[in-house]
Amino acid sequence: MSFYNLKHPEQEVSFSQAVRQGLGKNQGLFFPKAIPDFSNSIKELLKLPLVERSAKILYPLVQDSLSEDEVLQIVTNAFNFPALVQSVDEHNAALELFHGPTLAFKDFGARFMAQCLQKFTQEENQKITILTATSGDTGAAVAHAFSGLDNIKVVILFPKGKISLLQEKMFTTIGGNISTLAVAGSFDDCQGLVKTSFDDLGLASDIGLNSANSINISRLLAQICYYFEAAAQLFRQRGNIDELVFSIPSGNFGNLTAGLLAKAMGLPIKRFIAATNLNDTVPRYLKTGEWEPKETVATMSNAMDVSKPNNWPRVEHMLKSGIVPETCLSSVMIDEQETQLAMHKLNSMGYISEPHASVAYKALQYGLSATEFGVFLGTAHPAKFKDTVESTLGCLLGLPKELADCASETSLSEDLDVDFEQLKSYLLSHCKS
């Protein structure tokens, strides 16, 4: 299996190259040249445990770089926590993806990527620098996944003052091979600095530049697995999974991309809803056909405060090329008031939700038919947004151990302007071999 650059299809690379390189020529995203088809063996796959099933799903995509035994070992090490489907009423359930070490869905992709990169760098004694931007949870997931790994340095950019303090503490207090920079701008500004860094070929070569955002194909491949896991649990509970509708809180659109890939691989998901907050570039685009990103707006669902989603080219490629039907995707914007109302509604049903999952839940309420069953993604533990949840619902949340352990620690991050030359100087002084 090879992966090709969506901007320059003539550029084809192996899985190991795609993981180590991150982006292709001209910032192009890598995409699998062929997609495995499991449609004739879905029921057998869904009967397997998460790790065993995931290894079988991923192996055809990575077999040019990893053996079956290596894939199974990597998945065993990476997916050592559950994804849980929790019903909230007879027509809706939450897919809880926050039971990993940093209490967010990104643990799946970050840990899989870290395991792959560690193997590839050890084999070639190669040193690399992970440069990534976070709008909240990516930072913690990447920092914890890569902390202490040999030959790998990590630099994380985040928008200063625009993510929750507890989110920030989970990755700015680690130190060691993990460096963090508080950028005086938006998440899109952070993404822009990362992209510009990749365009500087001299810099990229000098520090062995790579990215751990969901633009890295390894992150996306790992995320495919929890859609199969959700279907497996619902198949055991309900027997019928032909009417599943997944509502996805969408920022950079990696989660949606993985879901569409799962459908293309034969998982019988009926349709998807891409739920956004006020940063509604995609809902407007699907309605008008005009791609018109606006200035990023700060919201209570801050991890979705993205106006220029980097994974959209992959989504559009799958829709336009017929890999998945265009009719399987809709998108809706949920505003701040609706988000709060959804949090209250879920709470009244005995389910405490943070803002991102509430956006996805609210989106399901627009047009779910009597025969459909809605699954909304719970992408982060409510305690990561403790202040927002407590002020909205008027309740007190305890801190899980993972958050309590870092809440009183001192942040080690440094400030950075939205200035590429300033970032380049930092990278060369801290990361050059």
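Data block above holds the structure.
Every chain begins its residue count from 1, and numbering advances along the sequence as written. Restriction of local features to residues with pLDDT of at least 70 applies here, the model being predicted, together with a cutoff of 80 or more for giving and counting side-chain atom pairs; totals for whole chains, interfaces and linings are based on all residues. Each side-chain value is derived from all of the structure's non-hydrogen atoms; neither hydrogens nor water enter the calculation.

Novice: Give a description of the layout of surface pockets that names residues and reports values.
Specialist: Only protein atoms enter the 1 Å grid, on which a cavity is a set of points fitting a 1.4 Å probe that cannot get out and a pocket is an open set with protein on both sides within 12 Å along at least 5 of 7 lines, lining residues being those with an atom within 4 Å of a point. Grid points are joined across faces, edges and corners, and a volume is the space filled by probe spheres set on the points. Quantified by volume, the largest pocket comes out at close to 430 Å³. In terms of lining residues, the largest pocket is bounded by 20 residues, among which Lys195, Lys308, Pro309, Asn310 and Pro313 are the most central. Note on conventions: DSSP H or I runs of at least 4 residues are helices, E runs of at least 2 residues are strands, and numbering of each starts at the N terminus. Ranked by residues supplied to the lining of the largest pocket, first place goes to helix H8 (residues 187–199) with 5 residues. Split by residue class, the lining of the largest pocket holds 9 nonpolar, 5 polar and 6 charged. Only Asp, Glu, Lys and Arg are considered charged, only Ala, Val, Leu, Ile, Met, Phe, Trp, Tyr, Cys and Pro nonpolar, and every remaining residue, Gly among them, polar.

Novice: Mind laying out the sheet that holds strand S14 (residues 414–416), listing which residues take part and the relevant values?
Specialist: The criterion for strand pairing is that DSSP finds at least two bridges linking the strands in question. Strands sit in the order S9-S6-S7-S8-S14 across an open sheet of 5 strands; the sheet is parallel. The open sheet has two edge strands, strand S9 (209–210) and S14, and neither has a second partner. Sitting on the sheet, helix H7 (residues 165–172) touches strand S7 (152–159) and strand S8 (178–183), and the angle it makes with S7 is about 160°. The contact criterion used throughout is that any non-hydrogen atoms of two residues lie within 4.5 Å. Only the stretch in contact is used when a helix axis is fitted, and all axes are lines through C-alpha atoms; the angle between N-to-C directions ranges over 0 to 180 degrees. Packing of H8 onto the sheet brings it into contact with strand S6 (128–133), S7, S8, S9 and S14, and relative to S6 it is tilted by some 150°.

Novice: Can you lay out the sheet that holds strand S3 (residues 30–32) for me, pointing to particular residues and giving the numbers?
Specialist: Strand order in the open sheet formed by 3 strands is S2-S1-S3, with antiparallel pairing between adjacent strands. The open sheet has two edge strands, strand S2 (12–13) and S3, and neither has a second partner. Here strand S1 (residues 3–5) runs beside S2; their pairing, made up of 2 bridges, is antiparallel. By the bridge assignment, Tyr4 is partnered in S2 with Glu12.

Novice: So, the packing of helix H4 (residues 68–78) against helix H5 (residues 106–124): which residues are in play, and what are the values?
Specialist: The description of two packed helices rests on the angle between their axes and on the distance between the axes. Running from amino to carboxyl end, H4 crosses H5 at an angle of 130°, the nearest separation of the two axes being 8 Å. Viewed along their axes, H4 and H5 adopt a mutual orientation that is oblique. In this structure, H4 crosses over H5, and the sense of that crossing is right-handed. Counted together, Glu70, Ile74, Val75, Asn77 and Ala78 of H4 and Arg111, Phe112, Gln115, Cys116, Lys119 and Glu123 of H5 form the full contact between these two elements. By residue class, the composition of the contact of H4 with H5 is 5 nonpolar, 2 polar and 4 charged. Angle categories: roughly parallel below 35 degrees, roughly antiparallel above 145, roughly perpendicular from 65 to 115, and oblique for all the rest. The crossing is said to be left-handed when, going from far helix to near helix, the turn is anticlockwise and less than a right angle, and right-handed when the turn is clockwise.

Novice: Let's hear about the environment of Ala274: which residues, and what values?
Specialist: Examined against the element boundaries, Ala274 turns out to sit in strand S11 (residues 269–276). Look past the residues within four positions of Ala274 in its chain and what remains in contact with it is Ile248, Ser250, Phe253, Leu256, Leu329, Ser330, Ser331 and Val332.

Novice: If you had to explain the nonpolar core to someone new, which residues and values would you point to?
Specialist: Definition of nonpolar core: a set of buried residues of the types Ala, Val, Leu, Ile, Met, Phe, Trp, Tyr and Cys, connected through side-chain atoms within 4.5 Å. For every residue, the accessible area obtained with a 1.4 Å probe (protein chains only) is divided by the maximum for its type, and the residue is called buried under 20%, exposed over 50%, and partly exposed between those limits. In this structure, Phe15, Phe146 and Tyr227 are the most contacted members of the largest nonpolar core, which totals 104 residues. Ranked by the residues each element gives to this core, the list is headed by helix H10 (residues 217–238), at 13 residues. Dropping the residues within four chain positions of it, Phe146 is found in contact with Ala110, Met113, Ala114, Leu117, Ile130, Ile152, Val154, Asn177, Ile178 and Ala212.

Novice: Any details on a nonpolar patch on the surface? Residues and values, ideally.
Specialist: Where nonpolar side chains cluster on the molecular surface, the patch consists of Leu278, Val297 and Met333 and spans about 190 Å² of accessible area. Positionally, Met333 belongs in strand S12 (residues 329–333). Given the relative accessible area of 30%, Met333 is considered partly exposed. Patches here are clusters of residues that have more than 30% relative accessible area and form no salt bridge, with a 9 Å joining cutoff for like charges and a 5 Å cutoff for nonpolar side chains (Val, Leu, Ile, Met, Phe, Trp, Tyr). Accessible surface area values rest on a Shrake-Rupley calculation with a 1.4 Å probe, where residue burial reflects the displayed protein chains alone. Only one rule defines a salt bridge in this text: a Lys or Arg side-chain nitrogen within 4 Å of an Asp or Glu carboxyl oxygen.

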